[in-house]
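Each chain, letter by letter, is given below.
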Amino acid sequence: MNYISTRDKKAVRTASGAILQGLSAEGGLFVPETVPTLSDEELSRCCALDYCARARLVLGKFLGDFSGEEIFDCVSGAYTGGRFENDLPAPISKLDDSTYVLELWHGPTCAFKDMALQILPRLLSVSAKKNRQEGEVVILVATSGDTGKAALEGFRDVPGTRILVFYPEDGVSEIQKLQMRTQEGENVGVCAVRGNFDDCQSGVKEIFTDPSLAQRLERAGKRFSSANSINWGRLLPQIVYYVSAYCDLVQNEEIALGDEINVAVPTGNFGNILAAYYAKRMGVPIGKLICASNRNNVLTDFFASGVYDRNRDFFATLSPSMDILISSNLERLLFELGGRDGEQVRALMAALQSEGRYAVPPQMKARMQDEFFAGCCSDEKTKATIRSVFEQYCYLIDTHTAVAFDVCEQYRRSTPDERKTLIVSTASAYKFADSVCEALGLEAEGEDLFAPADALCRHTGVAVPQPIAALRGKTVRFSRSCERGGMAGFVCETLGI
Ligand SMILES: *Cc1c(COP(=O)(O)O)cnc(C)c1O
């Protein structure tokens with residue numbers, strides 16, 4: 001099982017090589033040479049297994065040059081030992097006979113990015129060993145909130161790695177800021193940047209490509225790497241929870257093996273829903289893939305018209321982790337739906353680069369519309385949905401999950417399709433407690449950072465997740481901030497180079 005680039009079929013890598021490299025040299029993303037399948041018999045066998053065993057089975061099909069033992073160690077290191085509440089990484093809540101919620105926020109940072117970032121550092125360590133890359137790997141992350149904290153938790157104290165995270169000083173929520181400033185671990189560093197997310201991101205890019213820095217780093221026996229969502233090692237662990245969720249529904253006798261279900265996914269960079277697409281390709285009986293966007297609805301327009309156009313206003317919404325105008329992982333879908341034609345993908349991406357837009361051929365548009373339903377949801381509708389879901393089911397959802405609920409409802413109203421739907425829940429409501437409070441019409445008392453969470457807990461009786469409750473007693477370890485121009489200095493100082 002090897003990997004090829006979406007822009008060049010001749011750029012072939014082993015699984016470990018693709019994970020280590022992240023992005024192909026000509027700018028393409030790595031995808032498996034062929035998509036492996038799960039036979040009916042295997043899927044049936046999978047139903048009786050626990051999450052880790054299901055993960056081992058799925059990962060084993062994709063990680064050609066990993067031994068069974070290596071995969072075992074990566075999986076159990078990530079998903080057992082209390083990292084996820086009750087050691088259940090992806091439980092399902094049933095709301096009614098056709099609506100199920102896949103809760104992906106029971107990990108250490110209360111957002112779904114833990115599902116991938118708890119295992120990625122382990123996959124990277126094994127990959128480095130296999131490819132005889134020695135020396136410390138230094139992970140640099142620019143974050144708008146969720147990714148930074150999840151990456152810090154994932155890489156914390158992983159041997160042979162260091163992680164440095166930059167966030168925009170005034171661009172993340174107070175809880176997110178506190179989560180990062182109190183981060184524990186001996187190999188972590190956090191710095192606020194006096195600028196916006198773009199400043200952080202371009203600052204990190206400059207550090208990555210600065211030749212003199214690279215030289216100093218090499219002399220110190222270290223290398224830079226990234227943990228961003230285009231790495232196959234982040235996508236692959238996300239395929240697992242779709243397989244697992246399907247098996248849970250069978251196991252709980254909500255569906256019979258072979259019945260198709262729809263999935264609704266709150267989407268930003270298109271990683272999560274692409275994992276659902278790959279699960280379907282593997283043979284999991286998935287019907288419609290429902291792609292839910294907020295007011296930044298570039299994907300909704302794309303699925304309707306076949307034209308991707310990023311030349312539009314950017315909006316800051318109540319679901320900030322989905323505020324994205326370029327969904328990088330979409331490139332993999334273009335590759336798959338366009339008959340795996342690297343030339344075609346290259347031309348589309350060149351157009352995106354130069355004109356900020358591209359149009360796909362009619363056959364591809366037809367295939368997209370066959371597989372996906374796409375819709376979008378305003379902030380007002382997001383709040384109304386949080387309210388109505390709580391009133392109807394006594395079930396608390398965050399702002400991102402609410403977008404998926406609303407678009408799922410739009411789909412149901414538009415078709416006679418009566419298949420059951422799995423709605424993917426990507427964050428705990430407590431991570432966005434102030435917005436959720438507002439949606440429910442609750443007043444938080446006082447200025448305290450935790451007042452919205454307290455109000456939410458009092459009103460709903462839903463316990464505050466342990467990682468958020470524990471923040472109260474934590475010591476701030478990182479209070480540094482710098483100008484954009486000072487980011488490289490922070491890196492050198494921290495690494496002692
Ligand atoms: C990152 C994120 C998303 C978007 O996921 P993609 O894989 O980028 O589409 C949705 N919800 C939350 C809470 C997130 O952190």
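Residues numbered from 1 in each chain as written. Predicted model: local features only at pLDDT ≥ 70, side-chain atom pairs only at ≥ 80, totals over all residues. Heavy atoms only, no water.

1. Concerning the overall build of the chain
- Counting its regular elements, the chain contains 22 helices and 16 strands.
- Relative to a compact globule of 497 residues, whose C-alpha radius of gyration would be 23 Å, the chain shows 22 Å and is just as compact.
- Based on the C-alpha atoms only, the size of the chain along its principal axes is roughly 65 × 60 × 45 Å.
- Counting contacts in the chain only where the partners sit at least 6 residues apart, residues at least 24 apart contribute 74% of the total.
- Accessible surface, the chain as shown: approximately 19500 Å² in total, 47% of it carbon and sulfur.
- In the chain, the 53 positive side-chain charges and the 65 negative ones have mean positions that sit 5 Å from each other. (Helix = DSSP H or I, 4+ residues; strand = E, 2+ residues; numbered from the N terminus. Rg over C-alpha atoms; globule rule 2.2 N^0.38 Å. Contact = heavy atoms within 4.5 Å. Areas by Shrake-Rupley, 256 points an atom, 1.4 Å probe, with all protein chains shown as cover. Lys, Arg positive; Asp, Glu negative; His and termini not counted. Charge placed at Lys NZ, Arg CZ, Asp CG, Glu CD.)

2. Quick notes on the UniProt feature "domain: Tryptophan synthase beta chain-like PALP" (unreviewed entry) in the chain
- Per the UniProt record, "domain: Tryptophan synthase beta chain-like PALP" (unreviewed entry) is found at residues 100-336.
- Annotation note: span residues 100-336, helix share 43%, strand share 19%, distance between end C-alpha atoms 28 Å. (UniProt positions renumbered as here; feature names shortened; annotations may be inferred.)

3. What to know about the packing of aromatic side chains
- For the structure shown, the criterion picks out 18 aromatic pairs.
- Ring centres of tryptophan 232 and tyrosine 278 lie 5.6 Å apart, and the angle between their planes is 85°; on these two criteria the pair is classed as edge-to-face. Here the residue tryptophan 232 occupies a position in helix 11 (residues 232-251), and tyrosine 278 occupies one in helix 12 (residues 271-282), the gap between them amounting to 46 residues.
- Exposure remark for tryptophan 232: the relative accessible area of 1% places this residue in the buried category.
- Of the residues examined, tyrosine 278 reaches a relative accessible area of 0% and is grouped as buried.
- Look at tyrosine 308 and tyrosine 358: their rings are 5.4 Å apart centre to centre, the planes differ by 10°, and that puts the pair in the stacked class. Taken together, the residues tyrosine 308 in strand 12 (residues 307-309) and tyrosine 358 in strand 13 (residues 357-359) connect sequence positions 50 residues apart. With respect to burial, tyrosine 308 and tyrosine 358 carry one shared label: buried. (Phe/Tyr/Trp six-rings, centres within 6.5 Å; stacked < 30°, edge-to-face > 60°. Buried < 20%, exposed > 50% of the residue type's maximum accessible area, 1.4 Å probe, protein only.)

4. Looking at the site of the ligand
- Inspection of the region around the ligand gives 15 residues, with Lys113, Asp146, Gly268, Asn269 and Thr426 positioned closest.
- At 2.5 Å, a side-chain N or O of lysine 113 approaches an oxygen atom of the ligand.
- One of the backbone N or O atoms of glycine 271 is found 3.2 Å from an oxygen atom in the ligand.
- When the ligand sits alone it has 380 Å² of accessible area, and the protein chains cover 95% of it. (Near = heavy atom within 4 Å. Polar contact = N/O pair within 3.5 Å; in protein donor to acceptor, adjacent residues only side chain to side chain.)

5. Notes on the pattern of salt bridges
- Per the stated rule, a full pass over the model turns up 30 salt bridges.
- The salt bridge partner of glutamate 483 is arginine 194, with a shortest N-O separation of 2.7 Å. Taken together, the residues glutamate 483 in the loop between strand 16 (481-482) and helix 22 (487-495) and arginine 194 in the loop between strand 8 (188-193) and helix 9 (197-209) connect sequence positions 289 residues apart.
- With a relative accessible area of 41%, arginine 194 lands in the partly exposed category. (Salt bridge = Lys/Arg side-chain N within 4 Å of Asp/Glu carboxyl O.)

6. Looking at the nonpolar core
- Ranked by internal contacts, the top residues of the largest apolar core, which has 110 residues, are Ile239, Phe270, Phe303 and Tyr358.
- Formed by 35 residues, the second largest nonpolar core is a distinct cluster that contains Ile290, Ala402, Cys408 and Ala429. (Core = buried A, V, L, I, M, F, W, Y, C linked by side-chain atoms within 4.5 Å.)

7. Some thoughts on the sheet that holds strand 1 (residues 3-5)
- One open sheet holds the three strands; their spatial order is 2-1-3, and the pairing between them is antiparallel. The open sheet has two free edges, formed respectively by strand 2 (8-13) and strand 3 (30-32), since each of these has just one partner strand. Strand-to-strand twist of the sheet, defined as the mean angle between neighbouring strand axes without regard to direction, takes the value 40°.
- The pairing of strand 1 with strand 2 spans three bridges and is antiparallel. Considered in strand 2, the bridge of tyrosine 3 is made with arginine 13. (Pairing = 2+ DSSP bridges. Axes fitted to C-alpha atoms, helices over the stretch in contact; angles between N-to-C directions.)

8. Topic: the pairing of strand 6 (residues 136-142)
- Buried residues dominate strand 6, accounting for six of its seven residues.
- Pairing geometry for strand 6 and strand 7 (residues 161-168), over six bridges, is parallel. Opposite valine 141, over in strand 7, you have valine 165 as the bridge partner.
- At this point the chain moves from strand 6, through helix 7 (residues 146-155), to the parallel strand 7, and the crossover so formed is right-handed. (Right-handed = clockwise from strand over helix to strand, strands pointing away.)

9. Focus on the packing of helix 9 against helix 22
- Across the interface, helix 9 lies against helix 22 with an axial gap of 9 Å and an inter-helix angle of 55°. Here helix 22 runs oblique to helix 9, going by the angle between their axes. Like other packed secondary-structure pairs, helix 9 and helix 22 cross with a definite hand, here right-handed. For the pair formed by helix 9 and helix 22, the contact residues are Asp199, Cys200, Gly203, Val204 and Ile207 on the first element and Met487, Ala488 and Val491 on the second.
- A breakdown of the residues in the contact of helix 9 with helix 22 according to their chemical character gives six nonpolar, one polar and one charged. (Parallel < 35°, antiparallel > 145°, perpendicular 65-115°, else oblique. Left-handed = near helix turned anticlockwise from the far one by under 90°. Nonpolar A, V, L, I, M, F, W, Y, C, P; charged D, E, K, R; others polar.)

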